[in-house]
Amino acid sequence: MIAQETIKDKTLNKVMICINQNTWPGPSEADEDMKPFIQRKDELVAIKICILWGDRVVIPKSYQAAIIDILHCSHPGIVRSKALARSYVWYPKIDNDIEKCIKQCHK
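Presented here is an overview of the structure given in this document. (Residues numbered from 1 in each chain as written. Predicted model: local features only at pLDDT ≥ 70, side-chain atom pairs only at ≥ 80, totals over all residues. Heavy atoms only, no water.)

## Description of the nonpolar core
One broad trend across soluble globular proteins is that nonpolar side chains are buried collectively. Grouped together as the largest cluster of nonpolar side chains are 26 residues, with contacts concentrated most on Val15, Trp24, Phe37, Leu44, Ile51, Val58 and Ile94. Counting residues per element, the ones that place at least two in this core are α2 (10-21), α3 (35-39), β2 (50-53), α4 (61-72), β4 (89-90) and α6 (94-103). Top element by residues in this core is α2. It accounts for five residues. Residues within four places of Val58 in sequence aside, it is in contact with Ile2, Leu12, Phe37, Leu44, Ile51, Leu52, Trp53 and Trp90. (Core = buried A, V, L, I, M, F, W, Y, C linked by side-chain atoms within 4.5 Å. Buried < 20%, exposed > 50% of the residue type's maximum accessible area, 1.4 Å probe, protein only. Helix = DSSP H or I, 4+ residues; strand = E, 2+ residues; numbered from the N terminus. Contact = heavy atoms within 4.5 Å.)

Written out as C-alpha cells, the structure reads:
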C-alpha cells in the first residue's frame, strides 16, 4: 500500500527519480516540497518502490493522517509519540503533526 501511494505522490515520485538517477536539484532550484528531501539526499534510499530514510519508511501524504492516528491511538503523549515515529516512519513536518494532534486530543 505504501509503495502504491509513493508512486502516486507527486513529491515522492520526484524524490524517487532523484534517488534512482542520483541527480538532485540545488536548494535554490527546488520547490518547497523537495527541500526536506534534498537535505537528506545522502541518507535516502529507494527499495523497490518505497523510500527509506535510514530505517524509517517515508510516508506518502495520503497516509500521513493515518500514521499520526496510529502513533497516538494509545495516547502516549508527545515525547513517546515522537520516539515511536522516529523508530519507524518519517515525512516532512511529522513532529509538528504529532504535536498538533496531541494538543487537540480530548481523551
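## Examining unusual backbone geometry
In this structure, Lys48 is a non-glycine residue whose phi angle is positive, near 55°. With respect to the secondary-structure elements, Lys48 resides in the loop between β1 (44-47) and β2. The phi dihedral of Lys93 is positive, around 70°, even though this residue is not glycine. Examined against the element boundaries, Lys93 turns out to sit in the loop between β4 and α6.

## Concerning the state of the cysteines
Note on terminology: disulfide describes a covalent bond linking the sulfur atoms of two cysteines. Tallying each qualifying case throughout the model produces zero disulfides. Cys50 takes part in no disulfide bond, and the closest cysteine sulfur to it belongs to Cys18, at a distance of 17 Å. Note on Cys50: relative accessible area 21%, which makes it partly exposed. (Disulfide = S-S within 2.5 Å.)

Coordinates in, geometry out; function isn't part of it.
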